[in-house]
Amino acid sequence: MASRTDFGPPNYKDMLPPVIVKNYGQWKYHERVKPGVLKHVGESGDELYTVRVGSGRLVSTDWIRDVCDIAEKFCDGHLRFTSRHNLEFLVSDKEQVESLIAHLKEQGFAIGGTGHSISNPVHTQGWIHCHTAATDASGIVKAVMDDLFEYFTDWKLPAYCRISLACCLNMCGAVHCSDIAILGIHRKPPAINHDIVRAKCEIPNVIAACPTGAIRPDPKEKSLIVNEEKCMYCGNCYTMCPGMPLADPIGDGVSIWVGGKISSARTPPKFSRLVIPFLPNNPPRWPEVTDAVRNIVETWAKHARKHERMGEWIERIGWERFFDLSGIPFTVQLIDDFTLATETFRSTPTFKWSEVNHER
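Residues numbered from 1 in each chain as written. Predicted model: local features only at pLDDT ≥ 70, side-chain atom pairs only at ≥ 80, totals over all residues. Heavy atoms only, no water.

Taken as a whole, helix H3 (residues 97-106) has its buried residues at Val97, Leu100, Ile101, His103 and Leu104. Buried positions in H3, seen along its axis, are confined to an arc of 165 degrees and lie on one side of it. Set apart from the buried face of H3 by more than 90 degrees, the exposed residues are Lys105 and Glu106. Considering only its buried residues, H3 is in contact with strand S1 (27-34), strand S2 (37-42), strand S3 (47-54), helix H2 (61-75) and strand S5 (86-91). The positive-phi residue at the C-terminal boundary of H3 is glycine 108, with phi of around 85 degrees. (Buried < 20%, exposed > 50% of the residue type's maximum accessible area, 1.4 Å probe, protein only. Helix = DSSP H or I, 4+ residues; strand = E, 2+ residues; numbered from the N terminus. Arc of directions from axis to C-beta. Contact = heavy atoms within 4.5 Å.)

So, in structure tokens, the structure goes:
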């Protein structure tokens with residue numbers, strides 16, 4: 001065993017706070033004390049408090065040391081990161097909760113993201129790392145949450161609101177099932193540099209990497225050619241071959257999707273649906289994107305019933321009414337033309353009327 005090098009991740013149970021180990025599988029209930037603070041009560045009567053703060057997906061080692069020092073001071077070193085990049089301090093001593101909150105506020109941490117609020121968006125790599133990104137990830141998330149900060153720190157919404165971002169259609173973020181999804185999109189096929197393809201790329205592997213069969217040999221150039229009608233702008237070819245870059249400063253942009261959820265409470269899980277096909281990349285603050293997301297959030301907050309998620313509200317009022325209330329124009333790009341889309345089409349002549357439809 002001394003020669004073994006791949007031990008894998010440590011057992012998570014070795015790092016649990018003692019109160020969780022003691023009450024594992026025997027929790028009686030939990031409650032939301034206030035924005036950013038949860039209270040968990042075990043059948044034994046033990047209490048555990050969770051204090052949630054928003055954090056960036058990309059953080060420095062100095063920042064990690066700072067939050068570890070805070071955890072050591074107030075909660076015996078117990079903290080965790082959630083899948084949405086929230087940072088949670090696990091406090092077993094009730095007397096330390098308010099002291100921790102005061103210290104976090106003094107240090108500039110944003111406390112919130114629990115209950116009927118917008119939790120920290122989950123997002124992908126973006127321009128800082130990913131070679132196929134159509135937009136940035138951290139930049140847009142920062143701009144959007146700066147604009148929606150009040151909805152992170154307070155309970156102003158009818159229900160949970162989950163925002164996610166993926167910087168391209170490969171979608172390594174949760175954009176397929178979020179209340180609001182921000183998705184980077186390419187609109188142009190890869191630009192082929194024949195010299196680089198000939199010098200550096202294995203043509204059979206590049207052809208095999210295309211999921212739609214859009215790439216074929218170009219014997220004349222001893223290179224490759226792309227069938228633009230079949231190209232889905234996924235970037236797999238660029239992953240295999242540096243001579244087929246996909247990024248384009250004008251053609252690339254952002255689309256907005258709404259109505260998805262993972263939860264099965266009240267209604268089954270839902271996929272997100274496209275509502276805005278294209279917004280331009282306009283860094284560093286992406287005003288068109290932040291305005292669009294705020295409009296959707298506040299339209300839902302104004303008209304939805306209590307506990308009604310975005311998709312549940314839209315399902316109740318109908319998509320026609322959603323576009324009327326939000327003021328978002330319905331365009332041809334929103335019509336699903338995928339080969340198997342007929343399985344998701346409405347197959348009944350009934351639909352929900354709105355004033356605009358009636359006037360037409």
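With that out of the way, let us pick up the packing of aromatic side chains. For the structure on display, the rule yields 8 aromatic pairs. Ring centres of tryptophan 63 and phenylalanine 81 lie 6.3 Å apart, and the angle between their planes is 45 degrees; on these two criteria the pair is classed as tilted. Pair noted here: tryptophan 63 is in helix H2 and phenylalanine 81 is in strand S4 (residues 79-81), with a separation of 18 residues, a long-range link. The exposure class of phenylalanine 81 is partly exposed, given its relative accessible area of 43%. Seen from their ring centres, phenylalanine 323 and phenylalanine 330 are 5.3 Å apart, and the 85 degrees between their planes marks the pair as edge-to-face. For phenylalanine 330, a relative accessible area of 52% puts it in the exposed group. Members of the aromatic cluster, connected to one another through ring pairs, are Trp313, Trp319, Phe322, Phe323 and Phe330. Cation over ring: lysine 13 sits above tyrosine 24, and NZ or CZ is 4.9 Å from the ring centre. Taking NZ or CZ as reference, arginine 187 lies 3.6 Å from the ring centre of phenylalanine 278, over its face. (Phe/Tyr/Trp six-rings, centres within 6.5 Å; stacked < 30°, edge-to-face > 60°. Lys NZ or Arg CZ within 6 Å of the ring centre and 35° of its normal.)

Looking now at the pattern of salt bridges. This structure, assessed with the given rule, holds 20 salt bridges. Its salt-bridge partner being glutamate 150, residue arginine 294 comes within 3.2 Å of it at the nearest N-O pair. Of this pair, arginine 294 sits in helix H9 (residues 287-303) while glutamate 150 sits in helix H5 (residues 149-153), placing them 144 residues apart in sequence. By relative accessible area, arginine 294 is classed as buried at 19%. When the shortest N-O distance is used, the salt bridge between lysine 261 and glutamate 312 registers 3.8 Å. With lysine 261 in the loop between strand S11 (253-258) and strand S12 (273-280) and glutamate 312 in helix H10 (residues 310-317), the pair connects residues that are 51 residues apart, well separated along the chain. Classification of lysine 261 by relative accessible area gives buried; the value is 2%. The class of glutamate 312 is buried, set by a relative accessible area of 7%. (Salt bridge = Lys/Arg side-chain N within 4 Å of Asp/Glu carboxyl O.)

As a further point, take the pairing of strand S10 (residues 223-226). Where strand S9 (residues 215-218) and S10 come together, 4 bridges link them in antiparallel fashion. The partner of proline 217 across the bridge, within S10, is leucine 224. The turn joining S9 and S10, which pair antiparallel and follow one another in sequence, is formed by 4 residues; a positive phi near 50 degrees is taken by lysine 222. (Pairing = 2+ DSSP bridges.)

Model confidence for the chain is summarised by a mean pLDDT of 91, while 92% of its residues fall at 70 or above. Averaged pLDDT values for the elements of the chain fall to 49 in helix H12 (residues 355-359) and rise to 98 in H9. (pLDDT = per-residue confidence, 0-100.)

Moving on: empty space enclosed by the protein. If you walk through the whole model with that rule in mind, you get 1 cavity of 30 Å³ or more. The space that makes up the largest cavity amounts to roughly 90 Å³. Along the walls of the largest cavity sit 13 residues, with Cys210, Cys231, Tyr233, Cys234 and Cys237 positioned nearest its centre. Looking at side-chain class alone, the lining of the largest cavity contains 9 nonpolar, 3 polar and 1 charged residues. (1 Å grid on protein atoms, 1.4 Å probe; cavity = no way out; pocket = protein on both sides within 12 Å on 5 of 7 lines; lining within 4 Å. Points joined across faces, edges and corners; volume = space filled by probe spheres on them. Nonpolar A, V, L, I, M, F, W, Y, C, P; charged D, E, K, R; others polar.)

Turning our attention to the packing of H10 against helix H11 (residues 319-326). Two numbers describe a pair of packed helices, the interaxial angle and the distance between the axes. Remark: H10 packs on H11, axes separated minimally by 6 Å, with the N-to-C direction vectors making an angle of 110 degrees. Taken as axis vectors, H10 and H11 run roughly perpendicular relative to one another. Only Trp319, Arg321, Phe322 and Leu325 of H11 make contact with H10, whose side of the interface consists of Trp313, Ile314 and Ile317. (Axes fitted to C-alpha atoms, helices over the stretch in contact; angles between N-to-C directions. Parallel < 35°, antiparallel > 145°, perpendicular 65-115°, else oblique.)

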